[in-house]
Amino acid sequence: MNNQEPTNKDILKAVSGLVSKVDKIEKSNSSLVSKVSEIEKSNNELMEVINTFAANTENRFQGMEKEIIAIKATMVTKDYLDDKLSDLKGDLVVLMRKEDAKLCGLVDLLKNKKVISEEEAKNILAMQPFPQLV
């Protein structure tokens, strides 16, 4: 080990080395700050795109929700459909009974005028949908 005092030249050389290192650190920090700034800018752009997408998706779901509510409001329920089908069946049976009465009257008329025989009249009246056992 050398116990000699450092000279001004030695101190100046050491300080110059430190200044050079500080300059390198400042340049790398400046570059790092620039890169961080670019990353922040990219993140902001990405967040804007995500927010736009989220808003559009929300609007689409709200539109779909309104459509579903409208469909539910006009949708036919099973009970409603069962009631309507029962009513229709009843109406059809009434109409068929009226037609059956006409047929029975016609058969009686034909039988009375001797256009068809008693046996033929019985066969006709025994047919579906409302067979009569005479």
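Conventions we followed
Residues numbered from 1 in each chain as written. Predicted model: local features only at pLDDT ≥ 70, side-chain atom pairs only at ≥ 80, totals over all residues. Heavy atoms only, no water. Helix = DSSP H or I, 4+ residues; strand = E, 2+ residues; numbered from the N terminus. Contact = heavy atoms within 4.5 Å. Expected span 1.5 Å × (residues − 1). Buried < 20%, exposed > 50% of the residue type's maximum accessible area, 1.4 Å probe, protein only.

Student: What should I look at first to understand the environment of lysine 111 in this one?
Tutor: Inspection of the secondary structure assignment puts lysine 111 in helix H2 (residues 78-112). Sequence spacing of lysine 111 and asparagine 44 is 67 residues, and the spatial spacing of their C-alpha atoms is 97 Å. Leave out the neighbours within four places in its chain, and lysine 111 touches Ile116, Glu118 and Ala121.

Student: When you look at unusual backbone geometry in this model, what are you seeing that I'm missing?
Tutor: Most peptide bonds take the trans configuration, and most residues that are not glycine carry a negative phi. Looking along the chain, the bond that leaves glutamine 128 and enters proline 129 is cis, with omega of 10 degrees. If you trace the backbone, proline 129 turns up in the segment after helix H3 (118-125). The phi torsion at lysine 114 lies on the positive side, around 60 degrees, for a residue other than glycine. The topology assignment puts lysine 114 in the loop between H2 and H3.

Student: Any chance you could explain H2 here in plain terms?
Tutor: Count 3.6 residues to each turn of an α-helix, and residues three or four apart come out pointing the same way. When the terminal C-alpha atoms of H2 are compared, their 50 Å separation across 35 residues agrees well with the 51 Å that a helix rising 1.5 Å per residue should span. Buried within H2 are the following residues: Asp100, Cys104 and Val107. Along its buried surface, H2 packs onto H3. Trailing H2 by a residue or two, lysine 114 shows a phi angle of about 60 degrees, which is positive.

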